[in-house]
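Breakdown of the fold
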Amino acid sequence: NAGVMQNPRHLVRRRGQEARLRCSPMKGHSHVYWYRQLPEEGLKFMVYLQKENIIDESGMPKERFSAEFPKEGPSILRIQQVVRGDSAAYFCASSPLRDKGNEQFFGPGTRLTVL
Amino acid sequence: TQLLEQSPQFLSIQEGENLTVYCNSSSVFSSLQWYRQEPGEGPVLLVTVVTGGEVKKLKRLTFQFGDARKDSSLHITAAQTGDTGLYLCAGDSYYGQNFVFGPGTRLSVLP
(Lines give C-alpha, C1' and ligand atoms only; values in the text may rest on other atoms or scores of the structure.)
Protein backbone atom coordinates (compact mmCIF):
# COMPACT_ATOMS: atom_id res chain seq x y z
CA ASN A 1 0.00 0.00 0.00
CA ALA A 2 1.42 3.28 -1.07
CA GLY A 3 1.24 5.97 1.56
CA VAL A 4 0.44 9.62 1.05
CA MET A 5 2.68 11.03 -1.63
CA GLN A 6 3.77 14.60 -1.99
CA ASN A 7 5.84 16.25 -4.65
CA PRO A 8 8.09 17.91 -5.01
CA ARG A 9 9.89 17.20 -1.75
CA HIS A 10 11.84 20.43 -2.09
CA LEU A 11 10.83 23.52 -4.02
CA VAL A 12 12.78 26.74 -4.45
CA ARG A 13 11.05 29.83 -5.78
CA ARG A 14 11.99 33.48 -6.14
CA ARG A 15 9.74 36.16 -4.72
CA GLY A 16 6.77 36.77 -6.99
CA GLN A 17 6.76 33.31 -8.59
CA GLU A 18 4.07 30.67 -8.18
CA ALA A 19 4.43 27.49 -6.13
CA ARG A 20 2.36 24.37 -6.83
CA LEU A 21 2.41 21.60 -4.29
CA ARG A 22 0.87 18.22 -5.07
CA CYS A 23 -0.58 15.56 -2.81
CA SER A 24 -1.81 12.11 -3.74
CA PRO A 25 -3.81 10.61 -0.87
CA MET A 26 -3.68 6.99 0.17
CA LYS A 27 -5.75 4.67 -1.96
CA GLY A 28 -9.37 4.74 -0.86
CA HIS A 29 -9.02 8.03 1.02
CA SER A 30 -11.32 10.82 -0.11
CA HIS A 31 -10.45 13.43 2.52
CA VAL A 32 -7.36 15.62 2.24
CA TYR A 33 -5.94 18.15 4.68
CA TRP A 34 -3.14 20.65 4.17
CA TYR A 35 -0.96 21.94 7.01
CA ARG A 36 1.93 24.35 7.28
CA GLN A 37 4.83 23.97 9.64
CA LEU A 38 7.44 26.59 10.42
CA PRO A 39 10.82 25.51 11.86
CA GLU A 40 10.60 24.48 15.52
CA GLU A 41 6.81 24.86 15.50
CA GLY A 42 3.75 22.62 15.38
CA LEU A 43 1.38 22.10 12.49
CA LYS A 44 -1.07 24.80 11.47
CA PHE A 45 -4.24 23.70 9.71
CA MET A 46 -4.83 25.35 6.36
CA VAL A 47 -7.61 23.63 4.45
CA TYR A 48 -9.75 20.48 4.41
CA LEU A 49 -11.07 19.12 1.12
CA GLN A 50 -13.10 16.25 -0.17
CA LYS A 51 -13.27 15.34 -3.83
CA GLU A 52 -14.29 18.47 -5.74
CA ASN A 53 -15.27 20.29 -2.55
CA ILE A 54 -13.58 22.63 -0.10
CA ILE A 55 -15.04 21.80 3.30
CA ASP A 56 -13.07 24.15 5.53
CA GLU A 57 -10.53 26.74 4.42
CA SER A 58 -10.52 28.73 7.63
CA GLY A 59 -6.78 28.31 8.11
CA MET A 60 -5.76 29.45 4.67
CA PRO A 61 -4.82 33.07 3.92
CA LYS A 62 -7.49 34.76 1.85
CA GLU A 63 -5.05 36.09 -0.70
CA ARG A 64 -2.54 34.26 -2.89
CA PHE A 65 -3.41 30.79 -1.54
CA SER A 66 -5.82 28.33 -3.11
CA ALA A 67 -6.43 24.60 -2.95
CA GLU A 68 -8.28 22.06 -5.00
CA PHE A 69 -8.96 18.35 -5.00
CA PRO A 70 -10.34 17.42 -8.41
CA LYS A 71 -12.33 14.32 -9.25
CA GLU A 72 -9.27 12.89 -10.94
CA GLY A 73 -5.69 13.53 -9.95
CA PRO A 74 -3.90 14.86 -6.91
CA SER A 75 -4.84 17.66 -4.58
CA ILE A 76 -3.02 20.90 -5.37
CA LEU A 77 -2.03 23.70 -3.01
CA ARG A 78 -1.20 26.77 -5.01
CA ILE A 79 0.61 29.83 -3.74
CA GLN A 80 0.75 32.79 -6.06
CA GLN A 81 3.31 35.60 -5.89
CA VAL A 82 5.29 33.91 -3.14
CA VAL A 83 6.99 35.97 -0.45
CA ARG A 84 9.82 35.02 1.90
CA GLY A 85 7.32 34.44 4.72
CA ASP A 86 5.82 31.56 2.73
CA SER A 87 8.99 29.54 3.31
CA ALA A 88 7.91 26.53 5.36
CA ALA A 89 7.20 22.81 5.22
CA TYR A 90 3.79 22.02 3.82
CA PHE A 91 2.25 18.71 4.79
CA CYS A 92 -0.70 16.92 3.32
CA ALA A 93 -2.68 14.28 5.18
CA SER A 94 -5.48 11.99 4.09
CA SER A 95 -8.18 10.01 5.85
CA PRO A 96 -10.80 7.56 4.68
CA LEU A 97 -13.76 8.84 6.67
CA ARG A 98 -14.76 11.83 8.66
CA ASP A 99 -16.02 10.17 11.81
CA LYS A 100 -15.26 9.72 15.46
CA GLY A 101 -11.67 8.63 15.87
CA ASN A 102 -10.73 10.23 12.59
CA GLU A 103 -7.12 9.33 11.82
CA GLN A 104 -4.97 11.21 9.40
CA PHE A 105 -1.98 9.81 7.56
CA PHE A 106 0.68 12.28 6.56
CA GLY A 107 2.90 12.60 3.56
CA PRO A 108 6.61 13.44 3.79
CA GLY A 109 6.00 17.13 3.12
CA THR A 110 7.19 19.72 0.62
CA ARG A 111 9.81 22.13 1.83
CA LEU A 112 9.32 25.47 0.14
CA THR A 113 12.14 27.97 0.14
CA VAL A 114 11.51 31.46 -1.20
CA LEU A 115 14.63 33.36 -2.16
CA THR B 1 -11.21 28.82 19.32
CA GLN B 2 -9.98 25.45 20.43
CA LEU B 3 -6.39 25.28 21.56
CA LEU B 4 -4.21 22.40 22.61
CA GLU B 5 -1.29 23.06 24.92
CA GLN B 6 1.57 20.65 25.37
CA SER B 7 4.10 20.44 28.16
CA PRO B 8 6.95 20.42 28.55
CA GLN B 9 7.99 22.16 25.35
CA PHE B 10 11.45 20.58 25.48
CA LEU B 11 12.66 17.52 27.35
CA SER B 12 16.14 16.05 27.45
CA ILE B 13 16.71 12.82 29.36
CA GLN B 14 19.14 9.93 29.60
CA GLU B 15 18.47 6.59 28.02
CA GLY B 16 16.61 4.31 30.43
CA GLU B 17 14.69 7.05 32.21
CA ASN B 18 10.91 7.34 32.29
CA LEU B 19 9.01 10.41 31.17
CA THR B 20 5.51 11.81 30.78
CA VAL B 21 4.35 14.52 28.41
CA TYR B 22 1.00 16.24 28.59
CA CYS B 23 -1.61 17.61 26.23
CA ASN B 24 -4.26 19.93 27.69
CA SER B 25 -7.21 21.95 26.50
CA SER B 26 -10.23 23.77 27.85
CA SER B 27 -12.27 22.22 25.04
CA VAL B 28 -13.79 18.78 24.73
CA PHE B 29 -12.63 16.58 21.88
CA SER B 30 -14.37 13.59 20.34
CA SER B 31 -11.02 11.93 19.85
CA LEU B 32 -7.38 12.70 20.32
CA GLN B 33 -4.36 11.47 18.41
CA TRP B 34 -0.67 11.33 19.25
CA TYR B 35 1.92 11.61 16.49
CA ARG B 36 5.69 11.47 16.40
CA GLN B 37 7.64 13.48 13.87
CA GLU B 38 11.31 13.09 13.03
CA PRO B 39 13.35 15.84 11.34
CA GLY B 40 12.59 16.17 7.65
CA GLU B 41 9.64 13.80 7.78
CA GLY B 42 5.88 13.94 8.20
CA PRO B 43 4.16 13.06 11.47
CA VAL B 44 3.49 9.39 12.05
CA LEU B 45 0.35 8.37 13.89
CA LEU B 46 1.03 6.53 17.16
CA VAL B 47 -2.42 6.13 18.68
CA THR B 48 -6.00 7.37 18.71
CA VAL B 49 -7.99 7.59 21.95
CA VAL B 50 -11.73 7.99 21.79
CA THR B 51 -13.35 7.14 25.13
CA GLY B 52 -12.94 9.29 28.25
CA GLY B 53 -10.59 7.56 30.70
CA GLU B 54 -9.26 5.26 27.99
CA VAL B 55 -5.73 3.88 28.39
CA LYS B 56 -3.83 2.39 25.46
CA LYS B 57 -0.42 0.76 25.49
CA LEU B 58 1.98 0.51 22.60
CA LYS B 59 5.07 -1.41 23.80
CA ARG B 60 6.83 1.07 26.13
CA LEU B 61 4.36 3.87 25.43
CA THR B 62 1.20 4.37 27.50
CA PHE B 63 -1.45 6.84 26.39
CA GLN B 64 -4.32 8.10 28.52
CA PHE B 65 -7.35 10.18 27.60
CA GLY B 66 -8.78 12.26 30.42
CA ASP B 67 -12.22 11.44 31.78
CA ALA B 68 -13.59 14.75 30.53
CA ARG B 69 -11.94 14.33 27.11
CA LYS B 70 -10.03 17.59 27.52
CA ASP B 71 -6.56 16.25 28.14
CA SER B 72 -4.22 13.39 27.47
CA SER B 73 -0.85 12.10 28.56
CA LEU B 74 1.90 10.01 27.00
CA HIS B 75 4.19 8.05 29.28
CA ILE B 76 7.35 6.41 27.98
CA THR B 77 9.05 3.75 30.07
CA ALA B 78 12.79 3.15 29.79
CA ALA B 79 13.33 5.67 27.01
CA GLN B 80 15.61 4.76 24.13
CA THR B 81 17.56 7.02 21.77
CA GLY B 82 15.15 5.98 19.02
CA ASP B 83 12.34 7.71 20.93
CA THR B 84 13.90 11.08 20.10
CA GLY B 85 11.54 13.28 18.11
CA LEU B 86 8.72 15.79 18.20
CA TYR B 87 5.59 14.44 19.89
CA LEU B 88 2.39 16.09 18.72
CA CYS B 89 -1.12 15.71 20.05
CA ALA B 90 -4.09 16.55 17.84
CA GLY B 91 -7.75 16.82 18.70
CA ASP B 92 -10.82 16.18 16.64
CA SER B 93 -13.56 18.56 17.67
CA TYR B 94 -17.22 17.79 18.02
CA TYR B 95 -18.04 21.16 16.52
CA GLY B 96 -15.45 22.20 14.01
CA GLN B 97 -14.44 20.62 10.79
CA ASN B 98 -10.73 20.59 11.25
CA PHE B 99 -8.05 19.04 13.33
CA VAL B 100 -6.30 21.07 16.04
CA PHE B 101 -2.64 20.34 16.70
CA GLY B 102 -0.67 21.18 19.80
CA PRO B 103 2.75 22.86 19.43
CA GLY B 104 4.55 19.63 20.36
CA THR B 105 7.05 18.37 22.89
CA ARG B 106 10.56 18.00 21.55
CA LEU B 107 12.12 14.96 23.21
CA SER B 108 15.81 14.22 23.15
CA VAL B 109 17.01 10.92 24.60
CA LEU B 110 20.74 10.90 25.21
CA PRO B 111 22.86 7.71 25.16
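The structure under discussion appears in the preceding block.
This section reports on the structure supplied with the text. Each chain has its residues counted from 1, running along the sequence as written. Written order decides the labels, with chains lettered from A and ligands numbered from 1. Two thresholds apply to this predicted model, a pLDDT of at least 70 for residue-level local features and 80 or more for giving and counting side-chain atom pairs, whereas whole-chain, interface and lining totals are computed over all residues. Note: side-chain values were computed over all heavy atoms of the structure, leaving out hydrogens and water.

Focus on the side chain of R36(B)
Runs of E in the DSSP output that reach at least two residues are strands. Runs of H or I that reach at least four are helices, and both are numbered from the N terminus. When you line up the elements, R36(B) lands in strand β4 (residues 29-37). With near-sequence residues (within four places) excluded, R36(B) lies in contact with G42(B), P43(B), V44(B), L46(B), G82(B), D83(B), T84(B), L86(B) and Y87(B). Only heavy atoms enter the contact rule, under which two residues are in contact if any of them lie within 4.5 Å.

Looking at the sheet that holds strand β7 (residues 61-65) of chain B
All names here are of chain B. What the five strands build is an open sheet, ordered β1-β3-β8-β7-β6; its pairing is antiparallel. Bordering the open sheet on either side are β1 (5-7) and β6 (55-58), each of which pairs with just one other strand. Here the average twist between neighbouring strands, direction ignored, is 15°. Two strands are said to pair when DSSP picks up at least two bridges between them. Pairing analysis gives four bridges linking β6 to β7, with the strands arranged antiparallel. When the bridges of β7 are listed, K57 appears paired with T62. Structural elements are reduced to axes, namely lines fitted to C-alpha atoms, with helices fitted over the stretch in contact, and the angle between N-to-C directions of any two is expressed from 0 to 180 degrees.

Structural notes on the nonpolar core
Within soluble globular proteins, side chains that are nonpolar tend to cluster in buried spots. By convention a nonpolar core is built from buried Ala, Val, Leu, Ile, Met, Phe, Trp, Tyr and Cys residues, the set being connected through side-chain atoms within 4.5 Å. Summary of the burial criterion: residues with accessible area below 20% of their type's maximum are buried, those above 50% are exposed, and those between are partly exposed, where the area comes from a 1.4 Å probe applied to protein chains only. Core analysis: the biggest nonpolar cluster contains 23 residues, and W34(A), M46(A), L77(A) and Y90(A) have the highest contact counts within it. Secondary-structure elements contributing two or more residues to this core are β3 (19-24), β4 (31-37), β5 (43-50), β7 (65-68), β8 (75-79), β9 (88-95) and β11 (110-114) of chain A. With residues up to four places along the chain from it excluded, the contact list for Y90(A) reads Q6(A), L21(A), Y35(A), R36(A), M46(A), F65(A), L77(A), I79(A), G109(A), T110(A) and L112(A). Judged by nonpolar contacts, the second largest core, of 21 residues, contains I13(B), W34(B), F65(B) and V100(B).

Some thoughts on the packing of aromatic side chains
Put simply, two rings from Phe, Tyr or Trp (the six-membered ring, in Trp's case) pair if the centres are within 6.5 Å, and we call them stacked under 30 degrees between planes, edge-to-face over 60, tilted for the rest. Summed over the entire model, instances satisfying the criterion amount to eight aromatic pairs over all chains. With centroids separated by 5.9 Å and ring planes inclined at 80°, the aromatic side chains of F106(A) and F101(B) adopt a geometry described as edge-to-face. Of this pair, F106(A) sits in strand β10 (residues 105-106) while F101(B) is found in strand β10 (residues 99-101), placing the two residues in two different chains. Here F106(A) matches F101(B) in class, with each residue buried. Between W34(B) and F63(B), the ring centres sit 6.5 Å apart and the planes meet at 45°, which makes this aromatic pair tilted. In this pair, W34(B) is assigned in strand β4 and F63(B) in strand β7, connecting sequence segments 29 residues apart. The class for W34(B) is buried, based on a relative accessible area of 0%. Owing to a relative accessible area of 0%, F63(B) belongs among the buried residues under this scheme. Feature note: the residues Y35(A), F45(A), F106(A), Y35(B) and F101(B) constitute an aromatic cluster, connected by ring pairs.

Focus on the pattern of salt bridges
Here, a salt bridge means any Lys or Arg side-chain nitrogen found within 4 Å of an Asp or Glu carboxyl oxygen. The tally for this structure, following the rule as stated, stands at six salt bridges over all chains. The partner of E38(B) in a salt bridge is R36(B), with the nearest N and O atoms 2.7 Å apart. Beyond isolated ion pairs, a larger network of salt bridges with shared partners links E18(A), R20(A) and R78(A).

As for the interface of chain A and chain B
Tallying the contact residues gives 25 residues for chain A and 24 residues for chain B. Put simply, buried area is how much 1.4 Å-probe accessible surface two parts lose in total, over both of them, once they are put together. Across the chain A to chain B interface the summed buried area is about 1,800 Å²; carbon plus sulfur atoms make up 50%. Those elements giving two or more residues to the side of chain A that touches chain B turn out to be β4, β5, β6 (53-56) and β10 of chain A. In terms of residue count, β5(A) provides more of the side of chain A that touches chain B than any other element does, three residues in total. Gly is placed with the polar residues, together with every amino acid not listed as nonpolar (Ala, Val, Leu, Ile, Met, Phe, Trp, Tyr, Cys and Pro) or charged (Asp, Glu, Lys and Arg). Looking at the side of chain A that touches chain B residue by residue, the classes come out as nine nonpolar, seven polar and nine charged.

As for the state of the cysteines
When the sulfur atoms of two cysteines come within 2.5 Å, that pair is taken as a disulfide. With the rule as written, the count across this model stands at two disulfides over all chains. Note on cysteine connectivity: C23(A) is disulfide-linked to C92(A), with sulfurs 1.7 Å apart. Placement of the pair is C23(A) in strand β3 and C92(A) in strand β9, with a sequence separation of 69 residues. Neither C23(A) nor C92(A) differs from the other in exposure class; each is buried. In this model C23(B) forms its disulfide with C89(B); the gap between the sulfur atoms is 2.0 Å. On the sign convention where negative means left-handed, the S-S torsion of about 75° between C23(B) and C89(B) marks this disulfide as right-handed. Pair noted here: C23(B) is in strand β3 (residues 19-24) and C89(B) is in strand β9 (residues 85-93), with a separation of 66 residues, a long-range link.

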